[in-house]
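# Understanding the architecture of this molecule
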Amino acid sequence: MARSYDFLIAGGGIIGSSIAMALSESGAKGIAVVDCDLSGKWGSSERNAGGVRATWATPVNIALSKASIDYYEQVAAEAGFQQKGYLWLYDAAAWPQVLERIDLWNRSAGSVILLTPSEIAERFPFFDRLEGVRGAVFSPKDGLINPNLLKAHYRGRALADAVDWIDHRIIEAVDMDAGRIRAVHLRAAASEKAVEAFLTAQALPTEEKVERIEVKTFINSAGAWAPQLARLYGKTLPSVPIRRQVAVLHCRAVDLSPYGMMVDTSGLYFHHEAGNLLAGYAVPAEPPGYHFDYEGADFFMNELWPRLAARSRFFERLKLIGGWAGLYSVSPDYSAIIGPVAGIQNVYEAHSFSGHGVMQSYAVGRALAEYILHGAYESIDLSMLSGERFEYGQYLSETMLI
Ligand SMILES: Cc1cc2nc3c(=O)[nH]c(=O)nc-3n(C[C@H](O)[C@H](O)[C@H](O)COP(=O)(O)OP(=O)(O)OC[C@H]3O[C@@H](n4cnc5c(N)ncnc54)[C@H](O)[C@@H]3O)c2cc1C
């Protein structure tokens, strides 16, 4: 007889894990989280920079981050949350927008502090080259989190008798009937090679076992692969996967451990990472696709080092230790797609986080669980993040991206 679940969460990254926790903590049972690789080797949740901030341009992104930060404060030790602040440098052209947003941030993101260049140099003395910097925003309640610990925390809190974690299974098809998903077909992806072939080249294993599972509610939290999954139930998503690279650099000249996340006027970001420096930069011309090549020395020499050395003499002698590439799932308005799927009665989605899924993950899980279980958002109204907004031209105006 086919297995059956009340809730099937497709994708067990940080978002799927948060949803599993929230559903089970709300009393739901019969939950399955299906992933072709629960360890998340290719998933974005294991390949990100761990930055956390509530300073966004749009109220809904502020609200999602702020509510999540309030939670991370409570579980800081377990989730590796370091509330050391988030510093963002601005040039003169971008400064007027900061002034426009300061009231919004102080009202809803937690208090933020504006710094002049000399105040930046006083608080962050390693910044000794501040040419072109008009000022900075410092948000002391933001900071850094350990995404792996946070994901483990969500999974650990998801009640064992309510959630089955189904690993090494690819969702390859769904059965639909009368506007609902009735069942999903899982194909085994037993080897690392099979997982890699699927997640990097969309190649399905050919000789592996297939299982059919009946479901009452289906949740697409498949990260950068959500568009492929959506095609199985007849939907075309507007989001695209885009490669983002980060590198770890040996930095002897200065100890960055007292500081949280820092963002340069150029968009380069960096922070202390286990005695080293982690830096990332979103190359604007990056083409969409499931690209995981890490360009190592070229990325360091062309994109990271010039920007870092331009800000501090302490960054003149950095040594590249390693790095990696992961995927942003980017929506047309750089904000997540969350909520029920129009035209299909039992399908919900939470994906397309456009580079900010970790920091918003707690509040997303809680709000979506409310919607699924009670038919309405209770903690935060996420209706403006519905996927339908693109059909109606109701784009959000989120611009604070790195
Ligand atoms: C370099 C980089 C830096 C970043 N920095 C930050 C940051 O500082 N702060 C922040 O908040 N966010 C950051 N992000 C973004 C953040 O990592 C993502 O928004 C977040 O991890 C998305 O989580 P997810 O659970 O949706 O996706 P994922 O973690 O990718 O999980 C999706 C899962 O779905 C599974 N899957 C997909 N298709 C199928 C299928 N058909 N069958 C079975 N399983 C399937 C995959 O195996 C995967 O495990 C960064 C991302 C990158 C790449």
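Residues numbered from 1 in each chain as written. Predicted model: local features only at pLDDT ≥ 70, side-chain atom pairs only at ≥ 80, totals over all residues. Heavy atoms only, no water.

## A closer look at the overall build of the protein chain
Note the cut-off: Starting at the N terminus, helices and strands are each numbered in turn, a helix being any DSSP run of H or I of at least four residues and a strand any DSSP run of E of at least two. Computation of the radius of gyration draws on C-alpha atoms alone. For the globule rule, the value is 2.2 Å times the number of residues to the power 0.38. The buried label goes to any residue with under 20% of its type's maximum accessible area, the exposed label to any with over 50%, and the partly exposed label to all in between, with areas taken from a 1.4 Å probe on protein chains only. Contact criterion: two residues are considered in contact whenever any of their non-hydrogen atoms come within 4.5 Å of each other. Throughout, the Shrake-Rupley method with a 1.4 Å probe supplies accessible areas, and for residues the shown protein chains are the sole cover considered. By the counting scheme adopted, Arg and Lys are positive, Glu and Asp are negative, and His together with the chain ends is not counted. Where a charge lies is defined by one atom per residue type: Lys uses NZ, Arg uses CZ, Asp uses CG and Glu uses CD.
Within the protein chain, the regular secondary structure consists of ten helices and 18 strands. The globule rule puts the C-alpha radius of gyration for 402 residues at 21 Å, and the 21 Å found for the protein chain is close to it. Along the first, second and third principal axes, the C-alpha atoms of the protein chain reach 70 × 45 × 40 Å. Counting across all 402 residues of the protein chain, residues that qualify as buried make up 56%. A fraction of 75% describes how many contacts in the protein chain between residues 6 or more apart in sequence connect residues 24 or more apart. Here the protein chain displays about 16300 Å² of accessible surface, and carbon together with sulfur accounts for 51% of that area. Within the protein chain, one finds 36 positive and 45 negative side-chain charges whose respective centroids are separated by 2 Å.

## What to know about the packing of helix α1 (residues 14-25) against helix α10 (residues 357-374)
When two helices pack together, their arrangement is given by the angle between the helix axes and by the axis-to-axis distance. The cut-off we apply is this: Fitted lines through C-alpha atoms give the axes, limited to the stretch in contact for helices. The angle between two N-to-C directions lies from 0 to 180 degrees. For this classification, under 35 degrees means roughly parallel, over 145 means roughly antiparallel, 65 to 115 means roughly perpendicular, and everything else is oblique. Helix crossings get a hand from a simple test, with the near helix turned counterclockwise from the far one by less than a right angle marking a left-handed crossing and a clockwise turn marking a right-handed one. Here the term charged refers only to Asp, Glu, Lys and Arg, the term nonpolar to Ala, Val, Leu, Ile, Met, Phe, Trp, Tyr, Cys and Pro, and the term polar to all other amino acids, Gly among them.
In contact at an axis separation of 8 Å, α1 and α10 are set at 40 degrees when each is read in the N-to-C sense. On the basis of the axis angle, α1 is oblique to α10. Judged by the sense of rotation from one axis to the other, the crossing of α1 with α10 is right-handed. Contact with α1, carried on its side by Ile14, Ile15, Ser18, Ile19, Met21, Ala22 and Leu23, involves Gly357, Val358, Ser361, Tyr362, Val364, Gly365, Arg366, Leu368, Ala369, Ile372 and Leu373 of α10 and no other residues of that element. Residue classes in the contact of α1 with α10 are distributed as 13 nonpolar, four polar and one charged.

## Some details on the domain arrangement of the protein chain
So the rule is basically this: For every domain, the bounds stem from an assignment made automatically or drawn from a database. Using a 1.4 Å probe, buried area is obtained as the accessible area two parts lose upon being combined, added over both of them. When a carboxyl oxygen of Asp or Glu lies within 4 Å of a side-chain nitrogen of Lys or Arg, that pair is called a salt bridge.
In terms of domains, the protein chain is made up of domain 1 (3-46 + 149-238 + 333-390) and domain 2 (84-143 + 241-330). Each of domain 1 and domain 2 was reduced to a C-alpha centroid, and the two centroids are 31 Å apart. At the junction of the two partners, domain 1 supplies 15 residues and domain 2 supplies seven residues. Between domain 1 and domain 2, roughly 1000 Å² of surface is buried when both sides are summed, and carbon and sulfur atoms account for 60% of that area. Among the residues domain 1 hides against domain 2, the three largest losses belong to Trp42, Ala224 and Ser354. Together they make up 37% of the total. Joining domain 1 to domain 2, the criterion identifies zero salt bridges.

## Observations regarding the site of the ligand
Definition in use: Only a single heavy atom is needed: when it lies within 4 Å of a molecule or strand, its residue is near that molecule or strand. In protein, a polar contact requires one atom able to donate a hydrogen and another able to accept it; more generally it is a pair of N or O atoms within 3.5 Å, and residues adjacent in sequence count only if both atoms are side-chain atoms.
Near the ligand lie 37 residues; those nearest to it are Asp35, Ser44, Ser45, Gly51 and Met359. Glycine 51 places a main-chain nitrogen or oxygen 2.8 Å from an oxygen atom of the ligand. In the model, an oxygen atom of the ligand is placed 3.1 Å from a nitrogen or oxygen of the valine 358 main chain. Expressed as a share of its isolated accessible area of 1000 Å², the protein-covered part of the ligand is 96%. Elements that contribute at least two residues to the shell around the ligand include exactly α1, β9 (169-177), α7 (192-201), β12 (240-250), β16 (319-330) and α10. For the shell around the ligand, the class distribution of residues is 18 nonpolar, 14 polar and five charged. Each of domain 1 (3-46 + 149-238 + 333-390) and domain 2 (84-143 + 241-330) gives at least three residues to the shell around the ligand.

## Considerations on the packing of aromatic side chains
Spelled out, the test is: Each Phe, Tyr or Trp ring (for Trp, its six-membered ring) is paired with any other whose centre lies within 6.5 Å, and the angle between the two planes then decides the class: stacked below 30 degrees, edge-to-face above 60, tilted in between. The rule is short: NZ of Lys or CZ of Arg within 6 Å of the ring centre and within 35 degrees of the ring normal puts a charge over the ring.
Across all of its chains, the model carries 21 aromatic pairs by this definition. Look at phenylalanine 126 and phenylalanine 270: their rings are 6.4 Å apart centre to centre, the planes differ by 75 degrees, and that puts the pair in the edge-to-face class. Pair noted here: phenylalanine 126 is in the loop between α5 (117-123) and β6 (135-139) and phenylalanine 270 is in strand β14 (residues 269-273), with a separation of 144 residues, a long-range link. Both residues of the pair, phenylalanine 126 and phenylalanine 270, belong to the buried class. On the numbers, 6.1 Å between centres and 70 degrees between planes, the contact of phenylalanine 127 with phenylalanine 270 is edge-to-face. Taken together, the residues span a long stretch of sequence, with phenylalanine 127 in the loop between α5 and β6 and phenylalanine 270 in strand β14 at a distance of 143 residues. Comparing phenylalanine 127 with phenylalanine 270 shows no difference in burial state: the two are buried. Clustering of aromatic rings is evident, with ring pairs tying together Phe124, Phe126, Phe127, Phe138, Tyr259, Phe270 and Phe315. Its guanidinium or amino end placed over the ring of tyrosine 328, arginine 244 lies 5.0 Å from that ring's centre, counting from NZ or CZ.

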